[in-house]
Amino acid sequence: MNRKIARNIAIVSALFIVTFSIMLITNYFQVHGFNPLQTEVIETLKQINDENSGNTQLQEQIRQLDLMARQAYFVRMNHLTTGIYILIGMLIVFIVATRYYFTGIKDIPDKDIDPIDEWAEKTLARKYINMVAGGFVVAALLFALLSFPWLKSGKTEPTAGNQQTVQPAENTSDSPDEMIQTEETAQIAGDTIPAATDSVSTTIEEEIPKITHNSFRGNNANGISAAKNIPVKWNLNTGENIAWKSNIKRSGFNSPVINGNKIFLTGADAQTRELYCYDLNNGELLWSLAADKIPGSPAQIPKTTDDTGLAASTVTTNGKQVCAIFATGDLICADMDGKRLWAKNLGVPENHYGYASSLLSFGNTVIIQYDNSNSPKLLALDMATGAQRWSKARTDKITWSSPSMAYINGKPQLLLMGNPNITSYNPNNGEQNWTVKFLSGEVASSPCSSTNGLVFGASEYSSLIAIDATTGDKLWEASDYLPEVSSPVATKDNVYIATSYGVLACYDAKSGELKKHHETNTEFYSSPVIAEGKIYLFSNGGKVFIYSANSELTPLSSFETGQKTFATPAFTDERMIVRTEEGLYCVRKSKP
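Computed from a predicted model, the values in this text were never measured in an experiment.

Colleague: Help me understand the pairing of strand β4 (residues 242-246) in this model?
Modeller: Look at any regular strand and the pattern is simple: side chains alternate between the two faces of the sheet. In terms of burial, β4 is a largely internal element, 4 of the 5 residues being buried. One ladder, built from 4 bridges, connects β4 with strand β35 (residues 584-587); its direction is antiparallel. Paired with S246 across the strands is L584, a residue of β35.

This is how it looks when you write it as structure tokens:
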């Protein structure tokens, strides 16, 4: 091989190294924080799968699509690994060619030579060539390695055995952001199943629960859970099907949320507002975080009514951070171990009952519906830093409603009930999709959606309405039974309403026809949640009602717990967490 051939090989390999390095670096920024196994389409399929547990043909089709996505994911990982080997190989070719080219070269010859050779043969130029080539390769390898998901946040390598898959009627994650996806891998950790006391437990090894309940009324705040094997009967006095009971230091009307083996909720009084984390396995308080020393926080606590208080808003988590908001306008966010990441005051909300809208997580974004008399707005903040992603001014009057997320044709729609409008936004940028005017009075109920593209809103002071979410067109309206505080829940066939005067009603989702209703002689503030084809509903007095989620609304069980319950329960694998006026307890089938 003569020097000219060596030079040409070196030039070609150098160009290849530069080009390939740029591709690998670009690939990192394209996939950083993104998991192709959690695309919007897959998440929508999971939701469809959850609500069609009896359709085995549909479930098989969903599993096949999930398998295809999974195979594409690992093919991408293999291509990335191959790319690293190719880059290293080309670096070796470059080094060999340049070393051969420079062999025996000490000084520039005293004769006319090729200008490229003249530049290359200078001593400093040789160093520059090697430094530039080496720099590109090192940067490319670094970014390529960072592209592997098991190197992010200390997570383990994803394999076919530990990545979550679409199973019949099982949902494993909250719906992801189009811009920033969350990553979830199944992990093994110590889990405890205590006896029906507050402190005694026996330790065994168990998987961390796959079913998350990340916001008020579950993932997407839609009232649907993929949890299975939840008992339909329990007894707080005898301990039947009660895993544990715990006290809560400070009171609050917010509902619990669950991610992994952790339960999150808040409590407040005139002295302190706090975020709590409890152990799912034994009910022990793992940590608490005070919302204090926040710039702009009011020196005088705003007045609230006894049935709202300072901690009515449910927290939200994405499995990496957890955020909480209080009636003072103080918003705090912590990591999963209780380390405070950031805090800010959004301005004291002017509200005659007290601020009550719950937070909603969307990938790595926290959504805040901040309807009040002085500065109504919709905010989206980065959960890790508190940086504002977008903000939209609102013209709606004071409400106590909470946002929810619908997936329509695979695309997310952020739904807000206001006064007088129910409005759909793009959660990525806050742009409005559509709005429908129909509400009046004091709006506390939250919207919901079904898998066939319908959105529902209801309030005791107006009506129940169905909207085609693809167009924003009103389909039907009904006013037989309407909720005051409790929020509706829907399947593709039916919409279920729990009223403050004790009626549970079932409407046809497509026509608005009232199919069935039950008089319970009690009142409901807690919202109904559907799990494994059953509706779980708690009355204010603590009576539990469980019905089949069908058109007949078949009663399955009803009994008194003896503890007043205003919060909506949270669900995970074989467990339900209930917050009462007295404390917190876990429902789980007792071991024989």
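Colleague: What is the right way to look at the pattern of salt bridges in this model?
Modeller: Between side chains of opposite charge, a pair can form as their charged atoms come close. Going through the model one piece at a time under the given rule, you end up with 14 salt bridges. For K474, the salt bridge goes to E477, with nearest N and O atoms at 2.9 Å. Residue classification places E477 among the partly exposed residues on the basis of a relative accessible area of 40%. A salt bridge links D493 to K510, with the shortest nitrogen-to-oxygen separation between them at 3.6 Å. Of the two residues, D493 sits in the loop between β25 (489-490) and β26 (494-498) while K510 sits in the loop between β27 (503-508) and β28 (514-519), which places them 17 residues apart along the sequence. Taken together, the salt bridges that share partners define one network made up of R250, D269 and E274.

Colleague: Just checking my understanding: could you explain the sheet that holds strand β21 (residues 448-449) for this structure?
Modeller: Across a sheet, paired strands are connected by hydrogen bonds in the backbone, their directions being either parallel or antiparallel. Spatially, β21-β22-β23-β24 is the arrangement adopted by the 4 strands of the open sheet, whose pairing is antiparallel. In the strand order of this sheet, the two ends are held by β21 and β24 (473-478), each with one partner. As paired strands, strand β23 (residues 464-468) and β24 are joined by 5 bridges and run antiparallel to one another. Its bridge partner lying in β24, I465 is registered against E477.

What counts, and at which threshold
- Residues numbered from 1 in each chain as written.
- Predicted model: local features only at pLDDT ≥ 70, side-chain atom pairs only at ≥ 80, totals over all residues.
- Heavy atoms only, no water.
- Buried < 20%, exposed > 50% of the residue type's maximum accessible area, 1.4 Å probe, protein only.
- Helix = DSSP H or I, 4+ residues; strand = E, 2+ residues; numbered from the N terminus.
- Pairing = 2+ DSSP bridges.
- Salt bridge = Lys/Arg side-chain N within 4 Å of Asp/Glu carboxyl O.

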